[in-house]
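Observations on the model geometry
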Amino acid sequence: MKRIALVTLTLSLFHTGFTQSNKYTLVITNANVVDVAAGKIIPHQLLAISGETVKAVDDTKAIAKYKAEKYYDAAGKYVMPGLWDMHIHLRGGDTTIEANKALLPLFLAYGVTTVRECGGDITPSVLEWRKQTASGELAGPRIFTAGPKLDGPNAVWAGSIPVTNPAQVTNALDSLQKLHVDFVKIYDSKISGDAYLEIVRQAKQRGMKVTGHMPFTVELKEAASLGMDGSEHLYYIFKACSSKEDSITQVIREREHSDRPIGLFGALPALYNSFDSAKAAQLFKFLAAKHFNITPTLYISKTLASIKTTDHTRDSLAKYIDPTIIATYQGRIRSARRQSDEGTRFTEKYEALVMSLVPKMYAAGVNIVAGSDCGAFNSYVYPGESIHGEIKLMVTAGLTPAQALKTSVINGSKFFGVESQFGSLKPGKCSDLIVLDQNPLENIAAIDNLNAVLSHGKLYSRADLDALLASIRH
Ligand SMILES: [Zn+2]
């Protein structure tokens, strides 16, 4: 009897050891996997996942081979990599730290599993959240952050590091590297053209990614030739599409320190009137060859342009945004209300033209990345919902649904050079994924109907996502 008991004990120990090392944390069955790169659906798929990694992809018929702690039957549903929002802000000063922290679950609830934070004034908190979301301590997306923006002295955005000469650029980049930021973001409220180009030069020498706005005293080709990695918004691209780019830039430079300086918006009508589609085509080819990244931020442009005519009092997302952040919306609301009817008509014409450039840039091979520009101060551009809006506007602009999804889930990772780990649900890749009720390749609005999200290896059912939302509701 004693011997039998011993054998049983040994067997059960062996059995436990065996199952622990061979059990996946999650097996998803019957999935229609959305192959975003190929623009097609692969039906009947089984995804075997261990934590944050897809370990195997197989036909669901082979299920007997896959033991898991948890199974998820995705019959009739569509599974694709999690969304990336490549332009967000966490900012508003120390009094808004908790309010900003509460935005992180909102991203998840909308299927955003990675964000690129494009500069702000609460960097120590953002760096802490980057760590905490990565370890699973905090529910939220993967965070890439620029830390503080670089700009000239007396910049409009709080927390920006002022630089005017090469030594200051060196110090600023030293401090960013000490913080272990993921890229450099330049803003153009006060920076000189020379300091701007110096940042690009020095950042590239250090192997840092650098993107941002661009002062109108600089020509885009100069910056791209020095290795600038990307451009946020379309103003700077649009300027370079003008047949009179050089003469307009010259006038802007001459009047920079006069009592009649020409700002970005002052120059737009002249640029619009000299838009040159042949020059645009050449520019896009050049930028594609430079592996340049462009974040069009169509959604915020549209939202801000229509503030005067849109009733936001019943926005369904407002209840998830802390009142301290809602209060920051007033600045842009006031300036939108000040715009003349003539100004509004020009904005509409301008927006239509720049939007038509998106499919042309895409076709030329420019890396178009989806970014919403959501965050404090950017009125009614709510985290999560706004990147859905951006992706849908890419389709309105002329991309196919697959191409529009690519700008988020594939092209975002390309900016950071980590595309081998993201962008598809192949073995060895990151397991961040979303489950949709409908096929997004047929109708892009399907991204609004989320059934589940897997983030940092944790599965959130629809009920879990609703609970996350309830936890931040005001
Ligand atoms: Zn921004």
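Refer to the structure presented above.
On a predicted model such as this, the values are computed, not experimentally measured, just so you know.

1. Examining the sheet that holds strand β13 (residues 230-232)
What the three strands build is an open sheet, ordered β13-β14-β15; its pairing is parallel. Looking along the sheet, the strands with just one partner apiece sit at the ends: β13 and β15 (367-368). Where β13 lies against strand β14 (residues 293-295), three bridges are found, and the strand directions are parallel. Note that in β14 the partner of Glu-232 across the bridge is Thr-295.

2. Things to note about the side chain of Glu-390
Mapped onto the fold, Glu-390 is located in helix α16 (residues 385-397). Of the side chains bearing the opposite charge, Arg-116 lies closest to the buried Glu-390, which forms no salt bridge; the N-O distance is 10 Å. Only 2.6 Å separates the side chain of Glu-390 from the backbone nitrogen of Tyr-299, close enough to count as a polar contact. Sequence-distant contacts of Glu-390, that is, excluding residues within four places in its chain, are made with Pro-296, Thr-297, Leu-298, Tyr-299, Ala-370 and Gly-371.

3. Looking at the sheet that holds strand β7 (residues 112-117)
Judged by pairing direction, the sheet is parallel, and its three strands sit side by side in the order β6-β7-β8 without closing on themselves. Each of the sheet's edge strands pairs with one partner strand only, and the pair in question is β6 (83-88) and β8 (142-145). In this sheet, adjacent strand axes meet at a mean angle of 15 degrees when their direction is disregarded. Where β7 meets β8, four bridges bridge the pair, whose relative direction is parallel. In the sheet register, Thr-114 faces β8, and the bridge partner there is Arg-142. Contacting β7 and β8, helix α4 (residues 123-135) crosses the sheet at an angle of about 150 degrees to β8.

4. Considering the pairing of strand β17 (residues 450-455)
Counting buried positions along β17 yields six of six residues, so the element is predominantly enclosed. In the sheet, strand β16 (residues 433-436) pairs with β17 via four bridges, with the strands oriented antiparallel. Among the inter-strand pairings, Val-435 is bridged to a residue of β17, identified as Ala-452. With four bridges connecting them, β17 and strand β18 (residues 458-461) associate as antiparallel partners. The partner of Ala-452 across the bridge, within β18, is Ser-461.

5. Focus: the layout of surface pockets
A probe matching the size of a water molecule, rolled over the atoms, marks out where space remains unfilled. If you add up the space inside the largest pocket, you get close to 1500 Å³. In terms of lining residues, the largest pocket is bounded by 50 residues, among which Tyr-187, Tyr-235, Leu-264, Phe-265 and Arg-332 are the most central. No other element matches the six residues that helix α15 (residues 341-364) contributes to the lining of the largest pocket. Residues that form the lining of the largest pocket fall into these classes: 24 nonpolar, 16 polar and ten charged.

6. Quick word on helix α11 (residues 277-289)
With 13 residues, α11 should reach 18 Å at 1.5 Å per residue; the first-to-last C-alpha distance of 19 Å fits that figure. The set of residues buried in α11 consists of Ala-280, Leu-283, Phe-284, Phe-286, Leu-287 and Ala-288. Here the buried face of α11 lies against α7 (220-225), α8 (235-240), β14 and α15. Where α11 terminates, the next one or two residues include His-291, which has phi positive at roughly 55 degrees.

7. Notes on the environment of Glu-342
On the secondary structure map, Glu-342 appears in helix α15. Residue class for Glu-342 comes out exposed when judged on its relative accessible area of 61%. Sequence spacing of Glu-342 and Ala-99 is 243 residues, and the spatial spacing of their C-alpha atoms is 37 Å.

What counts as what
- Residues numbered from 1 in each chain as written.
- Predicted model: local features only at pLDDT ≥ 70, side-chain atom pairs only at ≥ 80, totals over all residues.
- Heavy atoms only, no water.
- Pairing = 2+ DSSP bridges.
- Helix = DSSP H or I, 4+ residues; strand = E, 2+ residues; numbered from the N terminus.
- Buried < 20%, exposed > 50% of the residue type's maximum accessible area, 1.4 Å probe, protein only.
- Lys, Arg positive; Asp, Glu negative; His and termini not counted.
- Salt bridge = Lys/Arg side-chain N within 4 Å of Asp/Glu carboxyl O.
- Polar contact = N/O pair within 3.5 Å; in protein donor to acceptor, adjacent residues only side chain to side chain.
- Contact = heavy atoms within 4.5 Å.
- Axes fitted to C-alpha atoms, helices over the stretch in contact; angles between N-to-C directions.
- 1 Å grid on protein atoms, 1.4 Å probe; cavity = no way out; pocket = protein on both sides within 12 Å on 5 of 7 lines; lining within 4 Å.
- Points joined across faces, edges and corners; volume = space filled by probe spheres on them.
- Nonpolar A, V, L, I, M, F, W, Y, C, P; charged D, E, K, R; others polar.
- Expected span 1.5 Å × (residues − 1).

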